[in-house]
Amino acid sequence: NLTDDPGRELTLLGAALAILGLLGSLFVRPRRLWVRATPDGAGRTVVDVGALARSDGPDLAADVGGVLDALRAGPPAGSTIKKRASEE
């Protein structure tokens, strides 16, 4: 019996990628975190931080805390902050 199946490797690769995608969707927690900075009337900037988790997990508060710590620490040394054209 001689058979030639030229799509066998491609099919195997597709099945492996499908399984990896399924495993990724099972183990990665979907969540959103956003930061909004708006100027107030006194020349200060008000920063709002929000988060939304679509599954239960204790680490959302730690992630929000990490973002807050990074915001409180300020920009990294050597970085530049560009002003908008309306602020110049």
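How each quantity is defined
Residues numbered from 1 in each chain as written. Predicted model: local features only at pLDDT ≥ 70, side-chain atom pairs only at ≥ 80, totals over all residues. Heavy atoms only, no water. Helix = DSSP H or I, 4+ residues; strand = E, 2+ residues; numbered from the N terminus. Expected span 1.5 Å × (residues − 1). Buried < 20%, exposed > 50% of the residue type's maximum accessible area, 1.4 Å probe, protein only. 1 Å grid on protein atoms, 1.4 Å probe; cavity = no way out; pocket = protein on both sides within 12 Å on 5 of 7 lines; lining within 4 Å. Points joined across faces, edges and corners; volume = space filled by probe spheres on them. Nonpolar A, V, L, I, M, F, W, Y, C, P; charged D, E, K, R; others polar. Salt bridge = Lys/Arg side-chain N within 4 Å of Asp/Glu carboxyl O. Pairing = 2+ DSSP bridges. Patch = residues over 30% accessible without salt bridge, like charges linked within 9 Å, V, L, I, M, F, W, Y side chains within 5 Å. Areas by Shrake-Rupley, 256 points an atom, 1.4 Å probe, with all protein chains shown as cover.

Q: Before we move on, can you summarise helix α1 (residues 8-27) with the specific residues and values?
A: Helix length check: α1 (20 residues) gives 29 Å between terminal C-alpha atoms against 28 Å at 1.5 Å per residue, within 8%. In terms of burial, α1 is a largely surface element, zero of the 20 residues being buried.

Q: Explain empty space enclosed by the protein to me, and be specific about the residues and the numbers.
A: Under the criterion given, the structure shown has one cavity of 30 Å³ or more. Lining the largest cavity, in full, are R29, P30, R31, A53, S55, D56, G57, D59 and L60. Residue composition of the lining of the largest cavity, grouped by class: three nonpolar, two polar and four charged.

Q: Report on the pattern of salt bridges, specifying residues and quantitative values.
A: Here the structure, examined in full by the defined rule, presents six salt bridges. One salt bridge in this structure joins R8 and E9, with 3.9 Å as the shortest N-O distance. What makes R8 exposed here is its relative accessible area of 54%. The partner of R72 in a salt bridge is D69, and the shortest N-O contact between them spans 3.8 Å. Highlighted residues: R72 and D69, both in helix α2 (residues 60-73), separated by three residues, approximately one helical turn. Three or more residues are tied together by salt bridges with common partners; here these are R31, D59 and D63.

Q: Tell me about the pairing of strand β2 (residues 45-53), and name the residues and values.
A: In this structure, strand β1 (residues 31-39) lies alongside β2, joined through nine bridges in antiparallel fashion. Pairing of T38 across the sheet is with V46, part of β2.

Q: Describe α2, naming the residues involved and giving the relevant values.
A: Within an α-helix, residues lying three or four positions from one another point in the same direction, as the helix has 3.6 residues per turn. Between its first and last C-alpha, α2 extends 20 Å over 14 residues, near the 20 Å set by a 1.5 Å rise per residue. Immediately downstream of α2, the backbone of G74 shows phi near 85°, a positive value.

Q: Residues and numbers for a nonpolar patch on the surface, please.
A: A cluster of nonpolar side chains, L10, L13, L17, I19, L20, L22, L23, L26 and F27, forms an exposed patch at the surface whose accessible area comes to about 1,000 Å². Tracing the backbone through its elements, the reader meets L23 in helix α1.

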